[in-house]
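Observations on the three-dimensional arrangement
Spelled out, the chains give:
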Amino acid sequence: MTTSATSGTGPADPAGPTENSLRRALKRARDGVALDVSEAAVLLQARGEHLDALTASAARVRDAGLEAAGRPGVITYSKSVFVPLTRLCRDKCHYCTFVTVPGKLRRAGHGMFMSPDEVLDIARKGAALGCKEALITLGDKPEDRWPEAREWLDAHGYDDTIAYVRAISVRILEETGLLPHLNPGVMSWTDFQRLKPVAPSMGMMLETTATRLWSEPGGPHHGSPDKEPAVRLRVLEDAGRSSVPFTSGLLIGIGETYEERAESLFALRKVSRAYHGIQELIIQNFRAKPDTAMRGMPDAELDELVATVAVARHIMGPSACLQAPPNLVDAEYERLIGAGIDDWGGVSPLTIDHVNPERPWPQIEELAAKSRAVGFELRERLCVYPEFVRRGEPWLDPRLRPHVAALADPATGLALPDAPVVGRPWQEPDEAFTASGRTDLHTAIDTEGRTSDRREDFDEVYGDWAALREAAAPGMAPERIDTDVRAALATAADDPTRLTDEEALALLHADGPALDALCEVADDVRKSAVGDDVTYIVTRNINFTNVCYTGCRFCAFAQRRTDADAYTLSLDQVADRAEQAWEVGAVEVCMQGGIHPDLPGTAYFDIARAVKARVPGMHVHAFSPMEVVNGATRTGMSIREWLSAAKEAGLDSVPGTAAEILDDEVRWILTKGKLPAATWIEVIETAHELGLRSSSTMMYGHVDQPRHWLGHLRTLAGIQQRTGGFTEFVTLPFIHTNAPVYLAGIARPGPTVRDNRAVTAMARLLLHPHIPNIQTSWVKLGTEGAAEMLRSGANDLGGTLMEETISRMAGSSYGSYKSVKDLIAVADAAGRPAKPRTTLYGPVPEERQRAARDSDGHLPQLLPVLD
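Residues numbered from 1 in each chain as written. Predicted model: local features only at pLDDT ≥ 70, side-chain atom pairs only at ≥ 80, totals over all residues. Heavy atoms only, no water.

1. A closer look at helix α14 (residues 364–373)
Those residues of α14 that sit buried are Ile364, Leu367, Ala368 and Ser371. Looking straight down α14, one finds that the buried residues subtend no more than 100° of arc, so they occupy a single side. Among the exposed residues of α14, those pointing more than 90 degrees away from its buried face are Glu365 and Ala373. Among the structural elements, β1 (74–86), α13 (333–339), β8 (343–347) and β9 (377–381) are those in contact with the buried residues of α14. Gly375 lies just past α14 and shows a positive phi near 90°. (Buried < 20%, exposed > 50% of the residue type's maximum accessible area, 1.4 Å probe, protein only. Helix = DSSP H or I, 4+ residues; strand = E, 2+ residues; numbered from the N terminus. Arc of directions from axis to C-beta. Contact = heavy atoms within 4.5 Å.)

2. What about the packing of helix α25 (residues 625–635) against helix α28 (residues 677–689)?
Two numbers describe how α25 lies on α28: the axes approach to 9 Å, and their chain directions differ by 85°. Put simply, α25 runs roughly perpendicular to α28. Of the residues in α28, those touching α25 at Pro625, Val628 and Val629 are Thr679, Trp680, Val683 and Ile684. Its residues assigned to classes, the contact of α25 with α28 comprises 6 nonpolar, 1 polar and no charged. (Axes fitted to C-alpha atoms, helices over the stretch in contact; angles between N-to-C directions. Parallel < 35°, antiparallel > 145°, perpendicular 65-115°, else oblique. Nonpolar A, V, L, I, M, F, W, Y, C, P; charged D, E, K, R; others polar.)

3. A closer look at empty space enclosed by the protein
Over the atoms, a rolling probe the size of a water molecule traces out where space has been left empty. This model, assessed by the stated rule, comprises 6 cavities of 30 Å³ or more. By volume, the second largest cavity is sized at about 340 Å³. Around the second largest cavity, the lining is made up of 22 residues, and of these Gln193, Lys196, Ile595, Asn630 and Arg634 lie nearest the centre. Listing elements by their share of the lining of the second largest cavity, those giving two or more residues are α8 (189–195) and α25. When residues in the lining of the second largest cavity are grouped by element, the largest group, 5 residues, is from α25. Here the residues of the lining of the second largest cavity sort into 10 nonpolar, 7 polar and 5 charged. (1 Å grid on protein atoms, 1.4 Å probe; cavity = no way out; pocket = protein on both sides within 12 Å on 5 of 7 lines; lining within 4 Å. Points joined across faces, edges and corners; volume = space filled by probe spheres on them.)

4. Comments concerning the pattern of salt bridges
Two side chains bearing opposite charge may form a pair once their charged atoms approach each other closely. Counted by the stated rule, this structure contains 55 salt bridges. The partner of Asp31 in a salt bridge is Lys27, with the nearest N and O atoms 2.7 Å apart. In this structure Asp31 comes out as partly exposed when scored by relative accessible area, which is 44%. Using a relative accessible area of 44% as the deciding quantity, one classes Lys27 as partly exposed. One salt bridge in this structure joins Asp532 and Arg526, with 2.8 Å as the shortest N-O distance. Sharing partners across several salt bridges, the network here consists of Arg47, Glu256, Arg261 and Glu304. (Salt bridge = Lys/Arg side-chain N within 4 Å of Asp/Glu carboxyl O.)

Read these as spatial facts, not as claims about activity.
The following block contains the structure:
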């Protein structure tokens with residue numbers, strides 16, 4: 001099968017696809033057989049009767065999708081205003097007339113950014129005309145290139161462009177009622193968390209996956225850091241991980257080959273299937289513009305556009321929403337409808353298309369008439385597509401729900417054409433800490449268990465399981481290790497700080513007598529570093545809510561607010577539990593919860609204050625890095641500002657949970673929406689710099705391999721050398737029983753005993769002498785397992801806990817608490833003395849020790865421990 005190596009805008013390849021290859025590909029498309037890249041590239045070159053056949057089958061696919069969606073014969077559009085927030089950009093795309101330079105803006109009498117008054121003037125006029133979308137478009141990170149942009153942001157009190165986008169979005173919502181659709185270019189995972197509460201939808205064109213068009217001099221994207229295809233694909237994935245309804249698409253005719261165009265479509269399909277978050281795909285045809293480097297490039301022909309739309313429809317399937325901008329064709333609307341589009345995009349009765357200023361929008365009445373002529377009814381939608389309006393959480397932030405609900409038809413998710421577009425308050429949800437749901441779960445989990453082994457939305461909330469199996473496969477492959485284990489053991493015994501990565505990896509694979517020898521070496525290092533005492537802490541876990549929509553695939557704790565096992569504690573209940581713990585000798589409460597969409601970013605401060613107000617002497621060890629980022633992004637504060645405020649409210653230290661494995665290759669299989677490894681590190685290092693110490697953790701035994709453990713431990717050692725802020729390292733064996741990633745057949749059934757011994761021993765060696773305390777988890781390993789880890793390099797048993805819901809929900813069978821006597825017994829089983837400690841591994845006051853002895857460190861109403 002041969003295909004053209006050029007795009008349709010370049011010189012035609014006289015060979016082109018053969019007649020037979022076209023007919024075969026058309027038959028496969030017509031029969032609904034999945035196409036591959038080479039077949040798609042052939043179909044992109046269909047012309048004449050072949051193109052007619054291709055579009056006819058694409059239209060049938062589209063019609064089936066509209067029927068299934070409950071809107072047969074409907075083509076949609078969004079009534080919008082176009083807000084060019086800034087035309088400065090750090091990129092240099094060779095076809096762009098949107099971007100300009102500071103000097104030109106000054107000469108035209110414009111600021112570096114549109115002022116809030118200018119933005120709101122456009123938005124108010126749009127609202128008066130019945131517009132419902134404010135399309136906010138701007139250049140990528142202009143402050144990184146232009147000092148004038150940086151100066152403007154500084155003068156107006158914004159840390160960066162994203163901060164201004166967030167602030168102006170809130171004002172648009174509150175003062176005009178329009179819904180912001182944000183196109184700020186390349187965004188980080190953290191940027192999505194910052195912007196999701198203020199915009200129902202966002203977007204960024206992929207344009208192409210052809211790296212050469214970015215990397216090679218003379219290419220349309222050369223010199224533009226934000227146009228690297230890998231970077232843009234990462235943005236699409238982060239949008240999906242963050243549950244942001246996202247618009248993307250292709251720009252065709254900029255020099256890509258047909259194969260490259262087909263590969264771009266398949267890349268978009270892969271992201272769409274993995275996260276179910278691409279709400280629409282735009283197929284945009286290149287139009288050459290004067291005063292650009294590509295002014296001599298021919299426009300993409302209409303047949304190119306029609307063929308690409310039809311192929312996109314076949315690749316993306318019936319449920320995809322496809323758009324082609326109506327102002328970029330010369331009234332040939334019926335051909336685009338015939339090719340399989342179901343949307344016309346944003347159309348403004350007020351503003352021009354600032355990206356294509358020479359191409360005016362069609363009148364909405366004209367668009368309706370043209371659509372009606374080929375049997376379609378034109379209906380208005382919102383910037384967020386109907387499917388996502390109906391999905392609700394986690395795709396729509398609670399603070400946006402009233403704004404969207406005021407403009408949406410609840411039956412269809414489309415726009416209510418005559419809905420009044422008026423400003424509404426943008427605010428945190430009311431009554432965040434009203435007790436609700438199964439608030440006795442901390443005790444009932446041991447007697448009644450969980451209601452079911454999985455959430456009702458199991459098949460949707462975590463993404464595409466088939467795509468995950470494919471992604472997980474490389475990490476599950478066994479590794480061949482050739483390094484001499486005996487030599488590695490000799491190095492470890494002599495000086496573990498001299499272990500090379502190769503030697504460390506060999507030891508992580510050790511088994512049999514070699515594993516026994518490794519554990520002996522680690523135990524010797526433990527004895528010389530911290531002595532024989534087995535430390536423990538009298539503490540209480542308080543999980544203040546299990547409502548969470550992050551989509552961690554290893555977590556069986558998280559519930560939707562409507563699930564039978566969902567609960568949220570009131571502030572009084574949190575304080576009551578802290579006070580009860582104090583009465584029986586606790587020196588610490590460890591508080592973590594789900595990422596509840598209704599909890600304001602300041603809720604964490606309220607929790608800390610509530611505990612400190614009730615029990616001033618209690619150490620508040622709380623809020624994982626994921627919760628820190630959630631709090632910071634919801635409040636609009638930086639991570640440093642938020643942690644400083646939390647410390648002021650009573651936070652004393654931070655749990656180093658949410659780390660799992662600090663390797664994004666593994667993290668993005670384990671979790672849909674949790675923070676990336678780099679952000680975890682940023683939170684932890686910032687906390688340490690502010691004097692908030694933390695634990696460190698690793699969850700292992702799922703889709704990981706020893707090489708990932710090594711990288712994780714090396715990362716932690718590096719952080720500790722820079723900050724000195726870790727108090728201990730905690731091994732967290734994966735509990736598989738009710739974990740979604742295991743139920744879906746992807747993860748292993750937890751680590752083996754060999755894995756547990758090797759991880760504990762190597763944690764002792766690789767973290768020596770930087771992190772002296774290695775903690776084992778009785779919750780996950782039980783009494784005998786914990787005792788074995790104390791003989792393999794561990795020196796700490798963690799805490800009494802008093803309640804433990806997270807591991808028990810996952811299927812741990814070792815109960816929810818240990819008494820002080822129980823913990824002493826574990827140390828006895830390892831042949832070592834036990835000693836109480838504080839969170840920071842200091843001595844426990846005698847008064848606290850006496851209270852713990854009198855109560856045995858557990859609440860009188862707790863039930864007997866399960867063994």
